[in-house]
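# Reading the structure
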Amino acid sequence: QDEAQELTLPLQSQSFQRASTSAMAWQEVFAEAEALSTKGKHFDGIQKINNCMELFETEVGGSDSKILKEPTEFLKEFMPKMSAEQKDAAFKMFVCRGDLLSGLGAAKRAATEYESALTLKPADAGAKEKAAKLEAAAAKIVADSDGKVPVTVLTGFLGSGKTTLLNHILEAHHGKRIAVIENEFGEVGIDDKLVKGGSMAEDENIVEMNNGCI
């Protein structure tokens, strides 16, 4: 019996150490995600919060990124097993992810995150307010538009001001969310350097496609 106890104690200690290490890992990443959200760096922030939530999911016994892919099902399965501290942490993560997704314009998915947060804390006024604002904004968009995304083709003769306008779109604080698809057919690219090396290059998500577009 004494030998069995001696074997059990080290195993319990190892399990506790792994759980503590996991908690410290996601807490550090969560702090980084919150900082990025505060700075408005939503694309970088979403990568961090995804990583954080996957680490948290492992801590509570989940796998396969279910917390990200199917948050409602994840909560149904694991919420009863969570401690009060874990529920509070999960609530904050869902709210943070909702904020980041809202910043990226993914309103529908952001609403899912806020709903998940409210599943954990149904009476939280802050989460309710964010969900309500998102719902109101979505209703206004549906009412004001026909569901189509407006597109402007920027073209013209040499010296007509295309680069000047592109510069303004990329660098001015006009408060609009604009996706730019840039393609040059000339032997020497000019406008692509504005996109790749502009002052906002580090803050934006830049993708170079196989067909030469940026």
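For clarity, every value in this text was computed on a predicted model and none was experimentally measured.

As for its placement among the helices and strands, Ser65 is situated in the loop between helix 2 (42-59) and helix 3 (66-69). We classify Ser65 as buried; its relative accessible area is 16%. Filtering out sequence-adjacent residues up to four positions away, Ser65 remains in contact with Glu54 and Glu57.

A separate point is the confidence of the model for the chain. Per-residue confidence for the chain gives a mean pLDDT of 78; residues scoring 70 or more make up 69%. Confidence drops under pLDDT 50 across residues 4-9; counting only partners more than four residues distant or on other chains, this segment forms zero contacts. Under a pLDDT of 50 for its full length, residues 11-19 has, in the predicted model, one contact with residues more than four places off or in other chains.

With 14 residues, helix 6 (residues 107-120) should cover 20 Å at 1.5 Å per step; its first-to-last C-alpha distance of 20 Å lies within 8% of that length. Buried within helix 6 we find Ala110, Glu113, Tyr114, Ser116, Ala117, Leu118 and Leu120.

So, on to unusual backbone geometry. One non-glycine residue, Asp64, lies in the positive phi region at around 65°. Along the polypeptide, Asp64 turns up in the loop between helix 2 and helix 3. Unlike most non-glycine residues, Ser65 shows phi in positive territory, near 55°.

Turning next to the packing of aromatic side chains. This model, assessed by the stated rule, comprises two aromatic pairs. Between Trp26 and Phe56, the ring centres sit 5.5 Å apart and the planes meet at 90°, which makes this aromatic pair edge-to-face. Of this pair, Trp26 sits in helix 1 (residues 2-38) while Phe56 sits in helix 2, and the two are 30 residues apart along the sequence. Under the relative-accessibility criterion, Trp26 is labelled buried at 8%. Consider the rings of Phe74 and Phe78, whose centres lie 5.0 Å apart with planes at 35°: the pair is tilted. Taken together, the positions of Phe74 and Phe78, both in helix 4 (residues 71-78) and four residues apart, correspond to about one turn of that helix. With respect to class, Phe74 is no different from Phe78; both count as buried.

By the secondary structure assignment, Glu32 is in helix 1. Here the alpha-carbon distance between Glu32 and Lys48, two residues 16 residues apart in the chain, equals 7.0 Å. Reaching out from Glu32, the side chain makes a polar contact with the side chain of Lys48 at a distance of 2.8 Å.

Tallied over the full model, the rule gives nine salt bridges. Linking Asp88 and Lys92 is a salt bridge whose minimum nitrogen-to-oxygen distance equals 3.4 Å. Here Lys92 and Asp88 lie together in helix 5 (residues 84-103), a separation of four residues that amounts to about one turn. Residue classification places Asp88 among the partly exposed residues on the basis of a relative accessible area of 26%. Each of Asp88, Lys92 and Lys121 takes part in a single network of salt bridges with overlapping partners.

How each quantity is defined
Residues numbered from 1 in each chain as written. Predicted model: local features only at pLDDT ≥ 70, side-chain atom pairs only at ≥ 80, totals over all residues. Heavy atoms only, no water. Helix = DSSP H or I, 4+ residues; strand = E, 2+ residues; numbered from the N terminus. Buried < 20%, exposed > 50% of the residue type's maximum accessible area, 1.4 Å probe, protein only. Contact = heavy atoms within 4.5 Å. pLDDT = per-residue confidence, 0-100. Expected span 1.5 Å × (residues − 1). Phe/Tyr/Trp six-rings, centres within 6.5 Å; stacked < 30°, edge-to-face > 60°. Polar contact = N/O pair within 3.5 Å; in protein donor to acceptor, adjacent residues only side chain to side chain. Salt bridge = Lys/Arg side-chain N within 4 Å of Asp/Glu carboxyl O.

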